[in-house]
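What follows is each chain in one-letter form.
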Amino acid sequence: MAEILKKPTETLSDAFLRWSLHFNENLELDRKDEKTIESYMNTVNKLIEYVSSDKTLDKLSFEELDTKFIKKFFYWRDTEHHKKTGVDLKNSTKQNDKKILTIFFEFIEEDNKEKFEFFIKWKNIKHKKELVEKDHYPPILVKQILDYLEENLKKNRDEFSYMLSFTFKLALFGGLRATEICSIKNSVFGKQYVSKETKKKFIPITILGKGKTKYTNPLPYEYIKNELNFFKRNKDDKELIFLSKTGLPLTRLHLYRYFENISNELGLSKKGIHIIRHTFGSNLSELGIDIRNIQILLRHANISTTTIYTATGSNASGCTDTQTLSVTVSTPTVNAVASPTAICAG
C-alpha cells in the first residue's frame, strides 16, 4: 500500500524514520539476510542522524533534496568518522553507502502516493576507487619456504621435490603465473649470459602470453641452476617438464594444493601459488623499478593492474643485491626493449 510522502506535522528526519521502517519491512519480505538488512539500515540511520543534527536540514521538504544534499551528507559522514577514529572513511564504504541510499530513495519513489521523484543525480556523486593491496610474502616467510624446499630436496632428491622447488623459484624470480609454469618445456630456456653491470649470470626464459605475445624474462642462474639442470638431464626439449605427484601433467590446481600443504605445514596463513607472483611484483616496486618496466615483467595488458599488484613493496624476495637486466617483448608486429631494469637477484 502506497504511503504519504511526508505528513504535514513531520520533520524531514521523522519522515525518513517512517520510511525506514517500511524499507526494513520490505527488505525482510525480499528475504534479505540479517547482515544485509543490518548494513542497509545502518546507512539509512546515518542519514536520519545527519538530518536530525541540523534544525535547518530537518525543516527541508523532500522537494528540496538534491545532489548537493547527498554530497553534504557524505562530507558530514566523513567528518564524524574522522572525529571518532582519526582517519577518513574508506571510499569503498562511501561507495556502498551510495548504493544503499540509491535503493532507499528509489523505494520511496516507488511507494509514495504522490508519485514524487527526487532531483538527485546519483552519477554526479563520485568516490574514487581505492587501490587494493595484493597479498605477498615478506622476506622472512620467503626464506622460510626456500629453506623448507632446500631441505626437502636434500632429503628426497626425487622429481616431485625438484618440481616444487623450481616452480616456486620461477614465480618468485621470474613472476610467472601458475598456468605459465605448468606449460613450460626445456626449449623455453635460452643461453646463459653475464650481466655487464653486475658480472652475474642470468638465463632468459621465453613466456607465451595472451594474444601469442612472447615475453623474455631474465632469471638469476645461480638461484635455479640445480633445478634447471635436473630437468635438462631428465626431460626432452619438446615435452612438458612438470608432472603432478601421480605423474599427470601439472595443473594450477595441483600447484595451489601443493603450496597450500606447505603453508599449512609451516604454519603460514598466506597460501597458494599466485601470492608468489605478487611477491615478485612487490619486490620490484620496493626496489624503485619504473612501473612500466614492472608491467612488462608481469605481462599486464593494463597498467592499472600493475599498480594494484605493486601497491606495497617490502623487498619481498629477501634479496640484498640488485642486478641490472634487459627485458625484451616481441610480437609479430612489435619488438620493444625496456632496459635497463633492475630485479633483486643477490
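Residues numbered from 1 in each chain as written. Predicted model: local features only at pLDDT ≥ 70, side-chain atom pairs only at ≥ 80, totals over all residues. Heavy atoms only, no water.

Undergrad: Pulling in residues and values, what's your account of the pairing of strand 3 (residues 214-220)?
TA: Both faces of the sheet carry side chains from a regular strand, because those side chains alternate between them. Counted residue by residue, strand 3 has five buried out of seven residues, so it is predominantly covered. In terms of strand pairing, strand 2 (residues 201-208) meets strand 3 through seven bridges, oriented antiparallel. Of the residues in strand 3, the one forming a bridge with Ile-205 is Asn-217. (Buried < 20%, exposed > 50% of the residue type's maximum accessible area, 1.4 Å probe, protein only. Helix = DSSP H or I, 4+ residues; strand = E, 2+ residues; numbered from the N terminus. Pairing = 2+ DSSP bridges.)

Undergrad: Just give me the short version of the packing of aromatic side chains, but keep the residues and values in it.
TA: Within the structure shown, the criterion is met by 28 aromatic pairs. Look at Trp-19 and Phe-107: their rings are 6.1 Å apart centre to centre, the planes differ by 85 degrees, and that puts the pair in the edge-to-face class. Here the residue Trp-19 occupies a position in helix 1 (residues 12-29), and Phe-107 occupies one in helix 5 (residues 91-111), the gap between them amounting to 88 residues. Across the pair, Phe-107 and Trp-19 agree in class, each one buried. Members of the aromatic cluster, each reached through a chain of ring pairs, are Phe-16, Trp-19, Phe-23, Tyr-40, Phe-62, Phe-104, Phe-105, Phe-107, Phe-116, Phe-118, Phe-119 and Trp-122. (Phe/Tyr/Trp six-rings, centres within 6.5 Å; stacked < 30°, edge-to-face > 60°.)

Undergrad: Summarise a positive patch on the surface; cite the residues concerned and give the values.
TA: On the surface, Lys-68, Lys-71, Lys-72, Lys-121, Lys-123 and Lys-126 cluster together into a patch of positive charge. Mapping Lys-123 onto the fold places it in the loop between helix 5 and helix 6 (139-156). For Lys-123, a relative accessible area of 67% puts it in the exposed group. (Patch = residues over 30% accessible without salt bridge, like charges linked within 9 Å, V, L, I, M, F, W, Y side chains within 5 Å. Areas by Shrake-Rupley, 256 points an atom, 1.4 Å probe, with all protein chains shown as cover. Salt bridge = Lys/Arg side-chain N within 4 Å of Asp/Glu carboxyl O. Lys, Arg positive; Asp, Glu negative; His and termini not counted. Charge placed at Lys NZ, Arg CZ, Asp CG, Glu CD.)

Undergrad: Which residues make up the nonpolar core, and what values go with them?
TA: Residues Leu-170, Phe-189 and Phe-242 are the most contacted members of the largest nonpolar core, which totals 42 residues. Excluding residues that lie within four positions of it along the chain, Leu-170 makes contacts with Gly-175, Leu-176, Ile-181, Ile-184, Phe-189, Ile-205, Leu-219 and Phe-242. Of all hydrophobic cores here, the second largest spans 35 residues; its members include Phe-23, Phe-69, Ile-100 and Ile-120. (Core = buried A, V, L, I, M, F, W, Y, C linked by side-chain atoms within 4.5 Å. Contact = heavy atoms within 4.5 Å.)

Undergrad: Kindly report on helix 4 (residues 67-85), identifying the contributing residues and their values.
TA: Its 19 residues place the ends of helix 4 27 Å apart at the C-alpha level, agreeing with the 27 Å of an ideal helix rising 1.5 Å per residue. Buried within helix 4 we find Thr-67, Phe-69, Ile-70, Phe-73, Phe-74, Trp-76, Arg-77 and Asp-78. In this structure, the buried side of helix 4 is in contact with helix 1, helix 2 (34-52), helix 3 (55-58) and helix 5. By the N-cap criterion, in which a side-chain oxygen at the helix start approaches the backbone nitrogen of a residue two or three places on, helix 4 is capped by Asp-66, the distance to Lys-68 being 3.3 Å. Of the residues flanking the end of helix 4, it is Gly-86, one or two places downstream, whose phi is positive at about 85 degrees. (Expected span 1.5 Å × (residues − 1). Polar contact = N/O pair within 3.5 Å; in protein donor to acceptor, adjacent residues only side chain to side chain.)

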